[in-house]
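For reference, the chains in residue letters:
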Amino acid sequence: MDSAEIRHALTRARTVPEGRDRTRCLEALATTARIGADRAAEAEVLLDLVQAYTYAGERDLAPIAIVRLLRIFDEHPDATAELSRSVHWYMKWMTSDLIDNPAVPLGTVRRWFDELENRYRTAGYSLRPVLKLRSILARDLGEYEEAARLRALALDAPRDEMTDCEACECNWAGSLSAATAADADALRRWAPVLHGRRRCAHEPHRVRAHALLPLVRTGGFEAARAAHLTGYPLVRGVLGLRHAVAQHIEFCALTGNVARGLDILAEHTDWLTDSAADANLRLEFLTGVCVLLRRLVELGRADVRVGESTATALLETLTAEIYGLCARYDARNGTDSISRSVRERLDRAPLVDHLPLGVRAAVDVRPPIRPTAPTAKSGQWPQAERLAEVAVARLGVDPAGAEQRLRRALEAGASVLPGEQLARLSSLLVTAISGQRGREPALADAALVAAWRWEPLSPVDALHHTLVAARAYHRAERHGEAAALFEQPLALESGSPGQALPGNAIPYPPTEIALIRRQFGESLNALNRYHDAATQFAEAARLIEHDPQQRGLTSELVHAEAAALSVCGRDADALVAYLRAADLFETLERVGPRARSLRSAAWLQFWGGESVAAAPRVGLATMRTLLEDLERLARTASSAEVRGELLQTRRQLDTMREEASAI
């Protein structure tokens, strides 16, 4: 291949999805480029290969490519001068990879630290990244005071173009605190990412996983649930984030959500036999899995099938591999810090009996519910029933008072009342909270507890309460949690429109399901998941399109679908939806929404796009027709709305004419 062909092949390789297919493609291209005469082209391929190894979870292979890259960079400075920044950036990646690779002697790692520091000094870069890497090694060696000292030096050093982004630095800084069981300090350092003030391509994916157990240990149960519901979809199936998937599995195991942990593991069972993964990522993943398997055995469910094996057999196999990996790290490091931290993870006791997540599990591993009869604790049983009776009597007139009594009844009856009675009291608590304004987070929490209590008794009631929680989160504009809770019930929807939810169908009428899908779509929009949002709006409209009493809602749903389609680049479909919405609004004599739909359609026609075969004149014609309609209305039925839409249409038509003249 000549230089042009190599660069063309590199462009094609970048279109291959991240993973091992891309790395194999780039490896072959790197071999070809090495034979050629263009060292700059080879260096470009090697840079992409280093990045691909990282995202495919094959960081142990990156040093070979980096060493070759540095040789080219040093021997051909003129040809590779434009790549200087990238070369220095990837050097710190490789140095980080060496820390995690037990096959690399500690002396070699330290020499690379010195090499990195010398090159950064020579190039005039800040030593902040070098100090950060030295801190990470000290942490892994169990030298926590030294790690903290180096962290402080790193954070005091100036930032420059070699410095990791602030979100990634929050991750690193908090991880050291977490390693020393300083949960509050870890959460303080992670706060900018957890609260959405800092983010990047890799965050909050990792931080939300790291924070799960510290949040539970510090009593932040609601925040921990939010971190799981919004964080797991970000890491699901991502090869380079196996450690984060493992942390979600471990979180489920230690919060009474073993069945949920099994569901997550079922989505990643192929990773159990993936021996090509980095040692560090494999150790992290297998450790999280074994926390779950140990909990299963403790619950008396050692016979549960996990992949091709039982929980107990798989636990034995993976534990042996884990300690083998730990032994490699300890031998390399000269300390037992890695094996000690792994043993601590494996020996952790559950943190809470149950933290309701609101996501239904495929398998329920809880012990069967047995009827409870009055015993020595019968005093707690009258007390609970008496409080419940008073609460029910006050639901309509004093929901806050009813809530207090129901909470006391649940506390008194937690260990003595039958499961169904506890579930009914939980439902009453949901009713009491829903009668109070501004209590959406509390309502969501109570609804999720109710859903958990109903799940082994009535899937219909469990799904109903899950949707109550989702809608409460939606109203509170906590769209990540809302979307996670909406997703499963609506993905399972089947059957006739009026009896749409599983478990013999919750009797929601089509209009109510359409409203739920609308809320789901709005939450998806807020998360920039526009394609999925468009699907929800379209399905909601389909449910009620033949109901003459719901024409207004249907029109709004079609318009929302059009807007979402437009944002995600499906211009042709968006144009069809905007025109349909305009027709529907016209039958309802809704002037403003019709005008807005037609103006959006006109701009799509004007600019065309890859999927819209149109010309500027078509968009101009649509805009002129709308203007004429509004001018006629202004003469015959003038209103503030008509005048406002007329003014907006004139302005946009003038803008369109100016842009047409410039084409």
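Residues numbered from 1 in each chain as written. Predicted model: local features only at pLDDT ≥ 70, side-chain atom pairs only at ≥ 80, totals over all residues. Heavy atoms only, no water.

Notes on the packing of helix H24 (residues 459–475) against helix H26 (residues 510–526)
For the pair H24 and H26, interaxial distance at closest approach is 10 Å and the crossing angle is 45°. For the element pair H24 / H26, the angle class is oblique. As H24 packs across H26, the resulting crossing turns out to be left-handed. Along the contact surface, H24 presents Leu467, Arg471 and His474, while H26 presents Glu512, Leu515, Ile516, Gln519, Glu522 and Ser523. Taken together, the residues of the contact of H24 with H26 break down into three nonpolar, three polar and three charged. (Axes fitted to C-alpha atoms, helices over the stretch in contact; angles between N-to-C directions. Helix = DSSP H or I, 4+ residues; strand = E, 2+ residues; numbered from the N terminus. Parallel < 35°, antiparallel > 145°, perpendicular 65-115°, else oblique. Left-handed = near helix turned anticlockwise from the far one by under 90°. Contact = heavy atoms within 4.5 Å. Nonpolar A, V, L, I, M, F, W, Y, C, P; charged D, E, K, R; others polar.)

Points about unusual backbone geometry
Residue glutamate 203 is joined to proline 204 through a cis peptide bond whose omega torsion reads 20°. Phi is positive for glutamate 477, which is not a glycine, with a value near 60°. Inspection of the secondary structure assignment puts glutamate 477 in the loop between H24 and helix H25 (479–491).

Some details on the confidence of the model for the protein
Residues shown with low pLDDT carry predicted positions that ought not to be read at fine detail. Confidence in the prediction of the protein, expressed as mean pLDDT, is 90, and 94% of residues score 70 or more. Here residues 494–504 is a poorly scored stretch, pLDDT under 50, and it has 28 contacts once near neighbours within four places are set aside; other chains count. (pLDDT = per-residue confidence, 0-100.)

Things to note about the environment of cysteine 326
Considering the arrangement of structural elements, one finds cysteine 326 in helix H18 (residues 311–333). In the structure, cysteine 326 is positioned 224 residues away from proline 102 in sequence and 9.2 Å away in space, judged by C-alpha atoms. Excluding residues within four positions of it along the chain, cysteine 326 makes contact with Leu283, Ile338, Ser339 and Val342.

Some remarks on the side chain of threonine 319
Note that threonine 319 resides in helix H18. Assessed through its relative accessible area of 16%, threonine 319 is described here as buried. (Buried < 20%, exposed > 50% of the residue type's maximum accessible area, 1.4 Å probe, protein only.)

Topic: the packing of aromatic side chains
Across all of its chains, the model carries seven aromatic pairs by this definition. Aromatic pair tyrosine 55 and tryptophan 93: ring centres 6.3 Å apart, planes at 75°, arrangement edge-to-face. Pair noted here: tyrosine 55 is in helix H3 (residues 39–55) and tryptophan 93 is in helix H6 (residues 84–100), with a separation of 38 residues, a long-range link. Members of the aromatic cluster, each reached through a chain of ring pairs, are Tyr55, Tyr90 and Trp93. Directly above the ring of tryptophan 89 sits lysine 92, whose terminal nitrogen or CZ lies 3.5 Å from the centroid. Above the face of the tryptophan 271 ring, arginine 242 is positioned so that its terminal group lies 5.0 Å from the ring centre. (Phe/Tyr/Trp six-rings, centres within 6.5 Å; stacked < 30°, edge-to-face > 60°. Lys NZ or Arg CZ within 6 Å of the ring centre and 35° of its normal.)

Overview of the packing of H3 against H6
Geometrically, a packed helix pair is captured by the angle between its two axes and the distance between the axes. H6 packs onto H3 with a crossing angle of 35° between their chain directions and a minimal axis gap of 11 Å. In terms of crossing hand, the pair formed by H3 and H6 is left-handed. Contacts from Leu47, Val50, Gln51, Thr54 and Tyr55 of H3 reach H6 at Ser86, Val87, Tyr90, Trp93 and Asp97. Of the residues assigned to the contact of H3 with H6, the class counts are six nonpolar, three polar and one charged.

Brief notes about the pattern of salt bridges
All chains considered together, the criterion is met by 59 salt bridges. Put simply, arginine 24 and glutamate 58 hold a salt bridge, and the shortest N to O gap is 3.2 Å. Remark: glutamate 58 occurs in the loop between H3 and helix H4 (62–75) and arginine 24 occurs in helix H2 (residues 20–35); sequence separation between them is 34 residues. Here arginine 24 falls in the partly exposed class, since its relative accessible area comes to 36%. (Salt bridge = Lys/Arg side-chain N within 4 Å of Asp/Glu carboxyl O.)

Observations regarding the environment of serine 175
Within the secondary structure, serine 175 is located in helix H10 (residues 166–179). Placed 123 residues apart in sequence, serine 175 and glutamate 298 show a C-alpha to C-alpha distance of 29 Å. Non-local contacts of serine 175, meaning those with residues more than four positions away in its chain, are made with Arg139, Trp190 and His210.

Digging into helix H9 (residues 144–156)
Between the first and last C-alpha of H9 there are 18 Å, a value that for 13 residues agrees with the 18 Å anticipated at 1.5 Å per step. Looking only at H9, the buried set comprises Ala147, Leu150, Arg151 and Ala154. Projection of H9 onto a plane perpendicular to its axis shows the buried side chains occupying an angular sector of 110°, all on one side. For H9, exposure combined with an orientation more than 90 degrees from the buried face picks out Glu145 and Asp156. In this fold, the buried residues of H9 make contact with helix H8 (128–140), H10 and helix H11 (183–194). (Expected span 1.5 Å × (residues − 1). Arc of directions from axis to C-beta.)

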